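Chain residues, written in single-letter form:
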Amino acid sequence: MKQRTLYQVRVTQEIPFCDYDEDGEETQVSSGRIEEYVAGRFSAEHNAKLFAEALENKIAEGSGYVTNCFTPKVSIIKIVQTEELVD
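Throughout what follows, the structure given in this document is the object of discussion. Counting of residues starts from 1 at the beginning of each chain's written sequence and follows it residue by residue. In keeping with the model being predicted, local features are shown solely for residues with a pLDDT of at least 70 and side-chain atom pairs are shown and tallied solely at 80 or more, while totals for entire chains, interfaces and linings include all residues. Hydrogens are left out, water is left out, and the side-chain values use all remaining heavy atoms of the structure.

**So, the pairing of strand β1 (residues 2–20)**
Argument step 1. With eleven bridges connecting them, β1 and strand β3 (residues 73–83) associate as antiparallel partners. The partner of Thr 5 across the bridge, within β3, is Val 80.
Argument step 2. We treat two strands as partners when DSSP finds at least two bridges between them. The way it works is that DSSP assigns letters per residue, a run of H or I at least four long becomes a helix, a run of E at least two long becomes a strand, and they are numbered from the N terminus. Linking β1 to strand β2 (residues 26–42), which pair antiparallel, is a turn of five residues; within it Gly 24 sits at a positive phi near 80°.

What follows is the structure, encoded as structure tokens:
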């Protein structure tokens, strides 16, 4: 049996639904949908943390450093995989 540990950098974002109020101003409310994707996979936790930090900075820069509930969230997930040969 072989076991290995990976660190996955995951991005989660709630998808907004744009609507307009009585004054014609755009408002964003939750659509109830959440999208999630893997941005990277690393064998060393240190590399995953560096990548996640850089990704968070890039997301913040892209949003003008303004965050709300729809700003993508970056997380690191530890995955332990086990491989076993079946005869």
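So, next bit.
**What about the packing of aromatic side chains?**
Argument step 1. In summary, the pairing rule links any two rings of Phe, Tyr or Trp, Trp by its six-membered ring, whose centres are within 6.5 Å, and it sorts them by plane angle into stacked for under 30 degrees, edge-to-face for over 60 and tilted for everything else. Here the structure, examined in full by the defined rule, presents one aromatic pair.
Argument step 2. Measuring from ring centre to ring centre gives 5.3 Å for Phe 42 and Phe 51, while their planes differ by 50°; the resulting arrangement is tilted.
Argument step 3. Residue class for Phe 42 comes out partly exposed when judged on its relative accessible area of 21%. Residue burial is assigned from relative accessible area. The probe radius is 1.4 Å, only protein chains are included, and a residue is buried under 20% of its type maximum, exposed over 50%, and partly exposed in between.

**Points about the pattern of salt bridges**
Any two side chains of opposite charge can pair, given that their charged atoms come close.
Argument step 1. Any Lys or Arg side-chain nitrogen located within 4 Å of an Asp or Glu carboxyl oxygen qualifies as a salt bridge. By the definition in use, this model includes three salt bridges.
Argument step 2. Of the charged contacts, one joins Arg 33 and Glu 35 as a salt bridge, the two residues approaching to 3.1 Å between their closest N and O atoms.
Argument step 3. Glu 35 gets classed as partly exposed once you look at its relative accessible area, which sits at 41%.
Argument step 4. Here Glu 45 ties to Lys 49 by a salt bridge, and the two come within 3.4 Å at their closest N and O atoms. Here the residue Glu 45 and the residue Lys 49 both occupy positions in helix α1 (residues 45–62), the gap between them amounting to four residues, near one helical turn.
Argument step 5. Judged by its relative accessible area of 47%, Lys 49 falls in the partly exposed class.

**Looking at α1**
Argument step 1. Compared with the 26 Å implied by 1.5 Å per residue over 18 residues, the 26 Å span of α1 between its first and last C-alpha is a close match.
Argument step 2. Every buried residue belonging to α1 is among Ala 48, Ala 52, Leu 55, Ile 59 and Ala 60, and all of these are buried. Projected down its long axis, α1 shows its buried positions confined to an angular sector of 135°, all on one face. Facing away from the buried side of α1, by more than 90 degrees, are the exposed residues His 46 and Lys 58.
Argument step 3. Each element contacted by the buried residues of α1 is listed here: β1, β2 and β3.
Argument step 4. Positive backbone phi, approximately 70°, marks Gly 64, located one or two places after α1. What a helix is expected to span follows from its residue count: subtract one and scale by 1.5 Å. Directions pointing from the helix axis toward each C-beta atom define the arc. Throughout, a contact is declared for two residues whenever any of their heavy atoms are within 4.5 Å.

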